[in-house]
Amino acid sequence: MRTESFDFDEIVDQAHFFRQFSHRLALTDLTVTDLEGLREVMKAGVLSFPLEIIFIHLGKGQKPRYGALIQLFEEAEEELEGQLRFSIR
């Protein structure tokens, strides 16, 4: 299983996260710029599964700002039935 960790001590905003996600997962033809784009990429079958996504250093004060992003990954984890694992550490 491929694992990608995103360090929120380094990620400054959601746009920065989307750029990091696109770069690390080699989405050269489909650059993710918003939540809807991320949702589409996950459904389109362009990601190499199985995949584990880990958010690290996401403080309590940051969670409200990234709430929709967290929810998207939690929902995708359920929908993809074991192909995607998501955690916050």
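To keep things clear, this report deals only with the structure shown in the data block. None of these values were measured; they are calculated from a predicted model. (Residues numbered from 1 in each chain as written. Predicted model: local features only at pLDDT ≥ 70, side-chain atom pairs only at ≥ 80, totals over all residues. Heavy atoms only, no water.)

Looking now at helix H1 (residues 14-24). Of all the positions in H1, only His16, Phe17, Phe18, Phe21 and Ser22 are classed as buried. In this structure, the buried side of H1 is in contact with strand S1 (2-7), helix H2 (35-44), strand S2 (51-56) and helix H3 (67-79). Where H1 starts, the residue carrying a side-chain oxygen 3.3 Å from the main-chain nitrogen of alanine 15 turns out to be aspartate 13. Positioned one or two residues after H1, alanine 26 has a phi angle of 50°, which is positive. (Buried < 20%, exposed > 50% of the residue type's maximum accessible area, 1.4 Å probe, protein only. Helix = DSSP H or I, 4+ residues; strand = E, 2+ residues; numbered from the N terminus. Contact = heavy atoms within 4.5 Å. Polar contact = N/O pair within 3.5 Å; in protein donor to acceptor, adjacent residues only side chain to side chain.)

Its location among the elements puts glutamate 52 in strand S2. Residue contacts for glutamate 52: discarding those within four places in its chain leaves Met1, Arg2, Thr3, Glu4, Arg85, Ser87 and Arg89.

To continue, consider the pattern of salt bridges. Tallied over the entire structure, the rule returns 5 salt bridges. The shortest N-O distance in the salt bridge between arginine 89 and glutamate 52 comes to 3.7 Å. Of this pair, arginine 89 sits in the segment after strand S3 (84-88) while glutamate 52 is found in strand S2, placing the two residues 37 residues apart along the sequence. The exposure class assigned to arginine 89 is exposed, which follows from its relative accessible area of 61%. For glutamate 52, a relative accessible area of 12% puts it in the buried group. Here the salt bridges do not stand alone but share partners, grouping Arg2, Glu4 and Arg24 into one network. (Salt bridge = Lys/Arg side-chain N within 4 Å of Asp/Glu carboxyl O.)

This brings us to the packing of aromatic side chains. Across all of its chains, the model carries 14 aromatic pairs by this definition. Ring centres of phenylalanine 17 and phenylalanine 21 lie 5.9 Å apart, and the angle between their planes is 35°; this geometry places the pair in the tilted category. Taken together, the residues phenylalanine 17 and phenylalanine 21, both in helix H1 and 4 residues apart, mark about one turn of the helix. Each member of the pair, phenylalanine 17 as well as phenylalanine 21, is classed as buried. (Phe/Tyr/Trp six-rings, centres within 6.5 Å; stacked < 30°, edge-to-face > 60°.)

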